[in-house]
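# Summary of structural features
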Amino acid sequence: MSYDFAVWEGPAPLSNAHATSECQRQLSARSQAPPTVAVRQFVDRLLVVHPDLDQPGGEDSPWSDGPLLNHADGQLIYFGVQIDAAHECAKLVEETAAALELVAFDPQLGQLLPSATTVARSADFELPTASDLPLHLTAVIGEALGAGVAMAGILEQVETGFYVQWMARDGGLTIEAQGEELLAVEHRLGEEAREEMMRLGFVEGDPNWTIHWDDGGRDLQEAGQILSDVLTVVRALPLGTPMALQTFPV
């Protein structure tokens with residue numbers, strides 16, 4: 001029995017939940033393709049520390065089998081280590097993947113390495129459909145609420161600088177949407193959009209519109225939908241709009 005790790009080349013997932021679904025997608029899409037340059041470099045760096053089992057010095061290596069490169073498929077490698085070496089190898093996998101700007105994931109825990117709720121993370125992505133966006137936002141905010149520490153997130157429209165942000169602290173959740181003063185005139189809300197913000201439950205203030213839930217977990221689905229509506233209904237951002245996300249403990 002082994003402890004498994006997945007490492008792949010691609011955009012940084014937005015949450016542990018997003019990473020889980022992306023790992024499953026990558027595994028289902030395996031096609032016995034040759035490893036990418038980055039994945040091969042990842043394997044080479046691991047083997048400098050712990051040689052393949054059939055190589056000189058490999059008798060003490062933690063790999064569950066080998067050669068290690070046989071587990072690579074295109075932009076993904078999914079491999080196992082001996083159970084008693086899992087903790088040591090997790091750190092090695094995490095640091096090696098980070099140095100090569102690869103995504104590292106622990107399938108047993110369903111967590112990125114390091115977990116999305118323990119360090120600052122950033123990701124650039126294109127806005128998904130209005131039906132998919134609430135699912136992503138709910139996952140990110142839900143993980144923040146369950147992190148055990150205060151977590152904040154900032155989601156910014158790259159072109160205009162418009163942002164929404166949230167704070168999850170002590171079970172409560174606050175969402176803020178950027179006010180008008182710092183936006184160019186052409187990007188400010190019209191009267192109809194302002195009325196929609198108030199219908200969603202926001203209170204207009206300086207510098208941001210604000211909405212708060214005392215029990216963020218109970219109202220998580222509503223919060224994810226409202227945050228999505230700010231972007232897709234109030235701001236009317238189209239599918240594919242370039243966005244930048246930052247999440248971090250505070």
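Residues numbered from 1 in each chain as written. Predicted model: local features only at pLDDT ≥ 70, side-chain atom pairs only at ≥ 80, totals over all residues. Heavy atoms only, no water.

### Some remarks on the packing of helix α2 (residues 37-49) against helix α3 (residues 86-99)
Defined as follows: Note on geometry: axes are C-alpha line fits, over the in-contact stretch for helices, and angles between N-to-C directions span 0 to 180 degrees. Elements are defined by DSSP. Helices are runs of H or I of four residues or more, strands are runs of E of two residues or more, and each kind is numbered from the N terminus. Comment on the angle field: the value is read as roughly parallel under 35 degrees, roughly antiparallel over 145, roughly perpendicular from 65 to 115, and oblique elsewhere. Two helices that cross are described as forming a left-handed crossing if the nearer one is turned anticlockwise from the farther one by less than a right angle, and a right-handed crossing if clockwise. Residue contacts are defined here by distance: any two heavy atoms, one from each residue, within 4.5 Å place the two residues in contact. Think of it as three bins: nonpolar holds Ala, Val, Leu, Ile, Met, Phe, Trp, Tyr, Cys and Pro, charged holds Asp, Glu, Lys and Arg, and polar takes everything else, Gly as well.
Running from N to C, α2 and α3 cross one another at 140°; their axes reach a closest spacing of 10 Å. Looking at the two axes, α2 sits oblique to α3. The chirality of how α2 crosses α3 is right-handed. Taking contact as the criterion, the partners of F42, R45, L46 and V49 in α2 are, on α3, L92, V93, T96, A97 and A99. Partitioning the contact of α2 with α3 into residue classes produces seven nonpolar, one polar and one charged.

### Here we look at the sheet that holds strand β4 (residues 103-106)
For the record, the criterion: At least two bridges found by DSSP between two strands are what make those strands a pair.
Reading across the sheet, the five strands line up as β2-β3-β1-β4-β5 and stay open at both edges, with antiparallel pairing between neighbours. Both edges of this open sheet fall to β2 (72-73) and β5 (111-112), since each of them pairs with a single strand only. In this sheet, strand β3 (residues 76-82) lies alongside β2 in antiparallel orientation, the contact comprising two bridges. Bridged to A72 within β3 is I77. Along the sheet, helix α1 (residues 16-28) makes contact with β1 (2-8), β3, β4 and β5, crossing β1 at roughly 90°. Along the sheet face, α2 touches β1, β2 and β3 and points at about 20° away from the line of β3.

### Here's the deal with the pairing of β4
What counts is decided by this rule: Burial classes follow relative accessibility: with a 1.4 Å probe on protein chains only, a residue under 20% of its type's maximum area counts as buried, one over 50% as exposed, and anything between as partly exposed.
Neither face of β4 is exposed, since V103 and F105 on one face and A104 and D106 on the opposite face are all buried. The pairing of β1 with β4 spans three bridges and is classified as antiparallel. Across the sheet, residue V7 finds its bridge partner in β4, namely A104. Two strands pair when backbone bridges link them, and β4 and β5 are joined in this way by two bridges, in the antiparallel orientation. From the neighbouring strand, F105 faces β5, where its bridge partner is L112. Between β4 and β5, which pair antiparallel one after the other, the connecting turn spans four residues, and G110 there sits at a positive phi close to 65°.

### Structural notes on the environment of S61
Relative to the helices and strands, S61 resides in the loop between α2 and β2. On the basis of relative accessible area, S61 is assigned to the buried category, the value being 3%. The sequence separation of S61 and S131 amounts to 70 residues, and the corresponding C-alpha distance is 47 Å. Excluding anything up to four places from it in sequence, S61 contacts H50, P51, L53 and Q82.

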